[in-house]
Structures are given as structure tokens and as C-alpha cells.
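Fold and contact review
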Amino acid sequence: MKKKIVLCMLLGFLLAALPGCSFGDAKETSAKVESKDEDEDEEEDEKKSNRKADRNKDDEDDESDEEKSNSKRKSRKADRDSDEDDEDEKKDEESDSESKSKSRKKKSSAPVLGGDDVEGYEGFEHLYEEILMTDSKENEETGKRERKTITVYMPDDDYVMASGNYAYASCMGIYFHVELDPYLRYDADDYTLAENLEEYVASNYDPFYTTDYKDLDISEVQKLGKNAVKCTVEYCRYDSWDETYNSTFCTYYLTELEGGETVLVSVEINSESVTEKTEELLEELEAFYQFEINWDEERAEEKSSYYEENGRENFYSTGSFMFELPMSWQEDTEASDFETKVYAPGGDADYAGCMITVYEEYLDYDEDMDLYDALDEYSKEDIEEGLGTAVTSYSEEICETNLGEALKLEYRIDSGITSAEGVVYVIIGEYEVFTMQAFQMEDAIDDAFIVMDGILATGQIKEW
């Protein structure tokens, strides 16, 4: 472990000015970079201005079309609300609208997933027929190898992919995915449909694996009849191109057909990409797959606007360790590598003169580590040898943090031209060792030690 900590320190020291390379030179270089960035920013601003003008023009041209779309959404919402009433009341309300009657007539004559006479239907305007099949498996009763097959209907678009037991399509702001006998979890047969769907959705939106989902809302799993369940997910996500937050509404549906086949369907709708025909496509998907898809364009827009104004966050995760940084801090992708992540103001540690590094290593199955044993391994001379420079001050201790006990090493180095200081924390988790460092030069533009204090106070280690 000693070698790993010394390497972590070395990452910081490499930023310090060595003899013959003053910090002023670094500032001059940074100024040139900054000037270049300003030119690029002006060019980018001009592009954004042009895009905005194009959008405004499109908005004016489509104003009347949006009113029609709003009317269509209200009509569809009314259809859904009427389904909650008893059957007789529903029939009375439906007779009041000729358009609703036509829509219901279309739905009643359409095939449904797992039903009879599914093949060859041509009544859908936006869906086409596709066949899914599993790999062949040996039938324990007959000894013969057999496949499972089902007929499904997919959004008809250029961006469609069908292969074996799954298919997906992306069009009209909808990402659609359907899979026959999907892998949901290990020993899925020991759990109910509801338990399997809950585990599947939770694993897809684990915040330790991605911190991109903001204002995340996962519903409870809802049972739909005897052999079907549904779960909805809503979140905002940052669009770096337009520098805005868009809302995504997702619906996950899991069912077991009469023949024993399991089918997973997911529908994701992005608020930025929906078109006037999106509602029509949703109605046809609902007709065939027989579940209601969660989508409300007005509420999606409100959700995006609210988060844009009130909910800014800056979370990062290594996979097992999640933490928040100040809004001005980002990952320095040029300094980071697969094992060690580097974070700095503006995502540029060289310019900022300070940084946070996070190194995460998994323990071997039979490996046992103890902070007190590690403490005995270190000395000022070891660190000087590893860094190749004089350490003017050095201390070590075992301390308590919100993340648990930590080995804390503090050091200060001086090249003769400039100086720098750092603090390293080593925390042993259940299956991982986390080595974190705050490092800054004497003229750093921010205080990395305050940022590290925030990480230690609010960070979270994943519980397995």
C-alpha cells in the first residue's frame, strides 16, 4: 500500500514547479490557454445564437401545430381518466366523442402481445412486425433443442435494431426496447415478477454507477393483473450541447405469457425530442402491449425548468464512492486515468494549481488490511524517497471521519522556487481501499483542503 500512496502524492507534486520552471511560467501558459478558450467561447456563443434563432423561427412556424398537439394530449388524457370509472360510465362518456370512438375501435381490432392472430396485422400506422427468438435450449422432457419465439410490433423508423431475443428503436423522442426471456438477475426464478422488476430498475439507476440522473423519482412496482407488473422512472439530465436540462419519463413493463415466455418492455420519452406524432405512436404501443405509458409533456417541461432554477448538483462517483464537489469543480479528464480520477476548478488542475485525487482499488479475496499496520510502514524519509524531493514537514495519524477510520498523512514540499502541500486519506471499505488526496500550490486559485473536508463529511461508500 505504501507504493500506492506515494504515487498518489507524486501526482500532486508533478504539478509543482521544479527548479528551472517557475509558477509564473505556468501562469503565462494558462493565460494563453485562457485566451484560446475565449476565442472558442466566442465561436461557440455565435453557434448557440444561430441555433437559438433557428429554434425561434421554428417555434413561430409551428405555433398552430403546437396548439393542435396540446389539444390531442388533452384528448388522450381524458381517455385515460375515463378508464378509472366503472364500465357503464365509461361507455357513456365515450359516446360523447366521435374521435374517442374511432380510437377505441382501432384498439379493439388490433392484436395484443401474446394473443392470437398477431402476425400479419397492417392496421398500425407507426409500428411494424418483428419476430424475437431465444437461443436453442434442450427440452428436459423431450431431449430436443428448442427455441422460444414471439411476434412483436416495433416503432417503424430508420433507427431500428432487431437481433435474436431483443429489439430496440429510437424515434419521435422515444427509445423503445423489448426483450424475450431477458436476464433480470441471478436466480431470477426464485423471485416474483415484481421483485425481479424492482431489482432490475434499481440496478439500472444505481447512483454509484452514474450520477447523470438528477431529480430521480422511481415509483413502486405496480401489479397489472395476474402475470404483469410495471414501474415508472422520471429524471432530469444535462444536455452539454444546449446547456439545458431535459426530462425523461420511463416505463418498464414485465409480463409472463401463457406459454411461459417472459417479456420485458421499456419506453423512454425525452422531452427535448418529442414530435407532434409522438402521442400517436404511444397510443399504438399501448394498444399492442396493453399497459399505460407514463408521459405528460407539460409536467416534463415544468420538471426541467424547476431543476434548472433550483436543483443544481455536482456529484461524481468512482463506482463505489460517491461525493459532491463545488459547482466550479469538474473532472480533469487529461490528468485522470482508469485507476485515478483527478478533479480541479474548471477541470484543469495545472491551471488551478490545486486538485483532488481519488484512487480506488479492490481488495483480493483473501487480502487483509489494517490501518495501524500501515501506519508503521511510513516515515518522512520514505515519502522523500518516493517524491524525489525534500519534505519540509510531515505528519501521520489515525483519525475518525464520516466515512470511517482513516490513515491521514500531511506533507509540505519546497522546490526552492515554489512550495506546495497535501493531505492524503486512506480508508478501507468492505471490499475496496480508497486513497484520496487534496493538493495545492501556494498560489492555487481555490482551497482543495476545504473541498476535501466536504467530501469526507458528505461522501458515501456503496454498501454491497
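Structural data are supplied above this passage.
Read on for an overview of the structure. Because the structure is a prediction, the values reported are computed rather than measured.

About the thresholds
- Residues numbered from 1 in each chain as written.
- Predicted model: local features only at pLDDT ≥ 70, side-chain atom pairs only at ≥ 80, totals over all residues.
- Heavy atoms only, no water.
- Helix = DSSP H or I, 4+ residues; strand = E, 2+ residues; numbered from the N terminus.
- Buried < 20%, exposed > 50% of the residue type's maximum accessible area, 1.4 Å probe, protein only.
- Contact = heavy atoms within 4.5 Å.
- Areas by Shrake-Rupley, 256 points an atom, 1.4 Å probe, with all protein chains shown as cover.
- Expected span 1.5 Å × (residues − 1).
- Arc of directions from axis to C-beta.
- Polar contact = N/O pair within 3.5 Å; in protein donor to acceptor, adjacent residues only side chain to side chain.
- Phe/Tyr/Trp six-rings, centres within 6.5 Å; stacked < 30°, edge-to-face > 60°.
- Lys NZ or Arg CZ within 6 Å of the ring centre and 35° of its normal.
- Core = buried A, V, L, I, M, F, W, Y, C linked by side-chain atoms within 4.5 Å.
- Patch = residues over 30% accessible without salt bridge, like charges linked within 9 Å, V, L, I, M, F, W, Y side chains within 5 Å.
- Salt bridge = Lys/Arg side-chain N within 4 Å of Asp/Glu carboxyl O.
- Lys, Arg positive; Asp, Glu negative; His and termini not counted.
- Charge placed at Lys NZ, Arg CZ, Asp CG, Glu CD.
- Pairing = 2+ DSSP bridges.
- 1 Å grid on protein atoms, 1.4 Å probe; cavity = no way out; pocket = protein on both sides within 12 Å on 5 of 7 lines; lining within 4 Å.
- Points joined across faces, edges and corners; volume = space filled by probe spheres on them.
- Nonpolar A, V, L, I, M, F, W, Y, C, P; charged D, E, K, R; others polar.
- Axes fitted to C-alpha atoms, helices over the stretch in contact; angles between N-to-C directions.

**Some details on the overall build of the chain**
Within the chain, the regular secondary structure consists of 12 helices and 22 strands. For the chain, buried positions account for 41% of its 464 residues. Counting only contacts in the chain whose residues sit at least 6 apart along the sequence, the fraction spanning at least 24 positions is 56%. Surface accessibility of the chain: about 26,200 Å² in total, with carbon and sulfur atoms responsible for 43%.

**Some details on helix H8 (residues 297–310)**
For H8, which comprises 14 residues, the first-to-last C-alpha distance of 20 Å matches the rise-based estimate of 20 Å (1.5 Å per residue) to within 8%. For H8, the full list of buried residues reads Glu297, Ala300, Lys303, Ser304 and Tyr307. The buried side chains of H8 occupy one side of the element, clustering within an arc of 120° when seen end-on. In H8, the exposed positions angled more than 90 degrees off the buried face are occupied by Glu298, Tyr306 and Glu309. At the N-terminal end of H8, a side-chain oxygen is found 3.2 Å from the backbone nitrogen of glutamate 298, two or three residues along, and the residue is aspartate 296.

**Points about the packing of aromatic side chains**
As enumerated under the stated definition, the model contains 20 aromatic pairs in all. Judged by centre distance (5.1 Å) and plane angle (65°), the ring pair of tyrosine 153 and phenylalanine 288 falls under edge-to-face. Linking tyrosine 153 in strand S4 (residues 149–155) with phenylalanine 288 in helix H7 (residues 278–289), this pair joins segments that are 135 residues apart in sequence. Classification of tyrosine 153 as buried rests on a relative accessible area of 1%. The class for phenylalanine 288 is buried, based on a relative accessible area of 0%. Every member of this aromatic cluster is reached through a ring pair, and the members are Tyr121, Phe124, Tyr153, Phe176, Phe288 and Tyr289. Lying over the aromatic face of tyrosine 191, arginine 185 brings its terminal NZ or CZ to 3.7 Å of the ring centre.

**Focus: the nonpolar core**
The biggest cluster of nonpolar side chains holds 35 residues, and the ones touching the most others in it are Val152, Phe176, Val178, Val265, Val267 and Tyr289. Sort the elements by how many residues they give to this core and H7 lands first, with five residues. Not counting residues within four places of it along the chain, the set of residues in contact with valine 265 comprises Phe176, His177, Val178, Thr251, Tyr252, Tyr253, Tyr289 and Phe291. Membership of the second largest hydrophobic core comes to 25 residues, among which are Ala352, Ala406, Val423 and Ile455.

**Some words on a negative patch on the surface**
Residues Asp370, Asp373, Asp376, Glu396, Glu400 and Glu405 make up a contiguous surface patch of negative charge. By secondary structure assignment, the location of aspartate 376 is in the loop between helix H10 (371–375) and helix H11 (380–387).

**What to know about H7**
Helix length check: H7, at 12 residues, gives a terminal C-alpha distance of 16 Å against a target of 16 Å (1.5 Å per residue), a fit within 8%. Of all 12 residues that make up H7, 10 are buried, and the element is covered over most of its length. One or two residues past the end of H7 sits glutamine 290, with phi positive at roughly 65°.

**A closer look at the sheet that holds strand S14 (residues 321–324)**
With antiparallel pairing, the three strands of this open sheet are ordered in space as S13-S14-S22. Each edge of the sheet is formed by a strand with only one pairing partner; in this case those strands are strand S13 (315–317) and strand S22 (460–461). The pairing of S13 with S14 spans three bridges and is classified as antiparallel. Pairing of serine 317 across the sheet is with methionine 322, part of S14.

**A few points about the layout of surface pockets**
A water-sized probe rolled over the atoms picks out the places where empty space is left. If you add up the space inside the second largest pocket, you get close to 780 Å³. For the second largest pocket, the lining is made up of 26 residues, of which Lys137, Lys148, Asp181, Asp189 and Thr262 are closest to its centre. Put simply, the parts of the chain that give the lining of the second largest pocket at least two residues each are strand S2 (137–138) and helix H6 (193–204). Considered class by class, the residues forming the lining of the second largest pocket number seven nonpolar, eight polar and 11 charged.

**Looking at the sheet that holds strand S19 (residues 404–414)**
Each strand in a sheet pairs with its neighbour through backbone hydrogen bonds, running either in the same direction (parallel) or in the opposite one (antiparallel). One open sheet holds the seven strands; their spatial order is S15-S16-S17-S21-S20-S19-S18, and the pairing between them is antiparallel. Strand pairing shows two members of the sheet lacking a second neighbour, strand S15 (329–331) and strand S18 (391–401), which therefore form its edges. Sheet twist, expressed as the average angle between the axes of neighbouring strands with direction ignored, equals 20°. Note that S19 and strand S20 (residues 419–428) share eight bridges and pair antiparallel. Its bridge partner lying in S20, tyrosine 411 is registered against glycine 422. Where H11 meets the sheet, it contacts S18 and S19, and its direction lies at approximately 115° from that of S18. The sheet strands contacting helix H12 (residues 448–458) are S15, strand S17 (354–362), S18, S20 and strand S21 (432–441), and the helix crosses S21 at an angle near 155°.

**A few points about unusual backbone geometry**
A positive phi is found at methionine 172, a non-glycine position, where the angle reads about 55°. When you line up the elements, methionine 172 lands in the loop between strand S6 (166–171) and strand S7 (174–180). We classify methionine 172 as partly exposed; its relative accessible area is 22%.

**Brief notes about the pairing of S18**
Sheet analysis places S18 next to S19, joined by 10 bridges and oriented antiparallel. When the sheet's bridge partners are listed, glutamate 396 is paired in S19 with leucine 409. Taking the residues that link successive antiparallel strands as the turn, the S18-S19 hairpin has two residues.

**As for the side chain of threonine 278**
Tracing the backbone through its elements, the reader meets threonine 278 in helix H7. Among all residues touching threonine 278, those that are not within four sequence positions of it are Met172 and Ile174.

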